[in-house]
Amino acid sequence: AVTSLQLTAAMSSIANGGRLMRPYIVKEIRDQAGNAVKKNQPEMLRRVLSEETSREVKRVLEDVVSEKGTAEKAAITGFRVAGKTGTSQKIDEKTGRYSHEKYVSIFVGFVPVEDPEMVILVAIDEPKGATYGGLVAGPVFSEIGKWALSNMHVQPDLQVASSDNVQEATANDPPGQSNVVRRPIIEEAADMESAAGIPDFSGQTIRQVLKKGKSLGLDVSVDGTGTAVMQSPEAGTPLEGITSINVTFKPAV
């Protein structure tokens, strides 16, 4: 009973601190000479939530995209994500009742939570196999978000990326062993890499580059998606005096 645009507008109002904005599709219309004849600008329709309520709802929606929520697969490394899953039974036209075989699976969310750049809604009509929105639409949201954030040159929060990696390390620990025990090993490896200069990031993923760059105290600038194909400064450059590095990524062919 709700269109995708209406649902996206509702989620956007939460991302915008409780302000409902007028949605528009065309940003600008130009004539044959290239002159703008019509421009659409952001327009607030009305306030639908208080700032305080919006902050609280954001907190709840961020929990959805966590290991304790229903949409962990919607997470994007290095960014705080908030959103909500939806799994709706469709009406069976033959019986007029809810179908137990046909569903619409949805995930709608925004990123980054602290300063939202975009709202994305993914709706999968009649998915095969799994039907839950978090399992079906969540991963699509994550992939679209990674690509869009990269192309918009939105830099990841290295503190968030570091936290993601620590959680991964903890999850992979043997029973009874925490990442507190593992930390000296990680620091020792970082010291060895530091002595060898800037490492060669070729072929590594954004997550791997961010993790290694963080361990070396480097501010990593990411351009593109996929795996690393170019970096500046080059591999082997002494780390002394280097505080940042630019890494270009391209999708694998």
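Residues numbered from 1 in each chain as written. Predicted model: local features only at pLDDT ≥ 70, side-chain atom pairs only at ≥ 80, totals over all residues. Heavy atoms only, no water.

Enquirer: How should I be thinking about the environment of Val104 in this particular structure?
Expert: Mapped onto the elements, Val104 comes out in strand S6 (residues 98-111). Residues Val104 and Gly133, spaced 29 residues apart in sequence, show a C-alpha to C-alpha distance of 8.1 Å. Those residues within four positions of Val104 in sequence are excluded, and the remaining contacts are Gly86, Thr87, Ser88, Lys90, Ile124 and Asp125. (Helix = DSSP H or I, 4+ residues; strand = E, 2+ residues; numbered from the N terminus. Contact = heavy atoms within 4.5 Å.)

Enquirer: Any chance you could explain the nonpolar core here in plain terms?
Expert: When a protein is soluble and globular, its nonpolar side chains tend to lie buried together. In terms of nonpolar packing, the biggest core is built from 17 residues, with Phe107, Phe141 and Leu149 touching the most fellow members. Going through the elements one at a time, S6, strand S7 (118-125) and helix H4 (138-151) are the ones with two or more residues in this core. With sequence-adjacent residues up to four places away left out, Leu149 is seen in contact with Ile76, Phe79, Val111, Met118 and Val154. Grouped together as the second largest cluster of nonpolar side chains are 13 residues, Phe201, Leu239, Ile245 and Phe249 included. (Core = buried A, V, L, I, M, F, W, Y, C linked by side-chain atoms within 4.5 Å. Buried < 20%, exposed > 50% of the residue type's maximum accessible area, 1.4 Å probe, protein only.)

Enquirer: Sorry, what's going on with the pairing of strand S10 (residues 244-250) here?
Expert: Burial along S10 is one-sided: the residues Ile245, Val247 and Phe249 are buried and none of Ser244, Asn246, Thr248 and Lys250 is. Here strand S9 (residues 227-232) runs beside S10; their pairing, made up of five bridges, is antiparallel. Looking at S10, one finds that Gln231 is bridged to Val247. (Pairing = 2+ DSSP bridges.)

Enquirer: Would you explain the confidence of the model for the protein in this entry?
Expert: Interpretation of this model should avoid reading the predicted coordinates in detail wherever pLDDT is low. In this model, the protein carries a mean pLDDT of 85, and residues with pLDDT of at least 70 account for 84%. At the low end of the mean pLDDT range in the protein sits helix H6 (residues 179-195), at 43; at the high end sits S7, at 97. Counted against residues more than four places away or in other chains, residues 174-193, with its pLDDT under 50, gives 14 contacts. (pLDDT = per-residue confidence, 0-100.)

Enquirer: What is the right way to look at the pattern of salt bridges in this model?
Expert: Close approach of charged atoms lets side chains of opposite charge pair. Within this structure, the stated rule accounts for eleven salt bridges. We note a salt bridge from Arg59 to Asp63, for which the minimum N-O separation is 3.6 Å. Note that Arg59 and Asp63 are positioned in helix H2 (residues 51-64) at a spacing of four residues, about one turn of the helix. The class of Asp63 is partly exposed, set by a relative accessible area of 29%. A salt bridge links Asp125 to Lys90; its shortest N-O distance comes to 3.0 Å. With Asp125 in strand S7 and Lys90 in strand S5 (residues 82-91), this residue pair connects regions lying 35 residues apart in the sequence. You can call Lys90 partly exposed: its relative accessible area is 23%. (Salt bridge = Lys/Arg side-chain N within 4 Å of Asp/Glu carboxyl O.)

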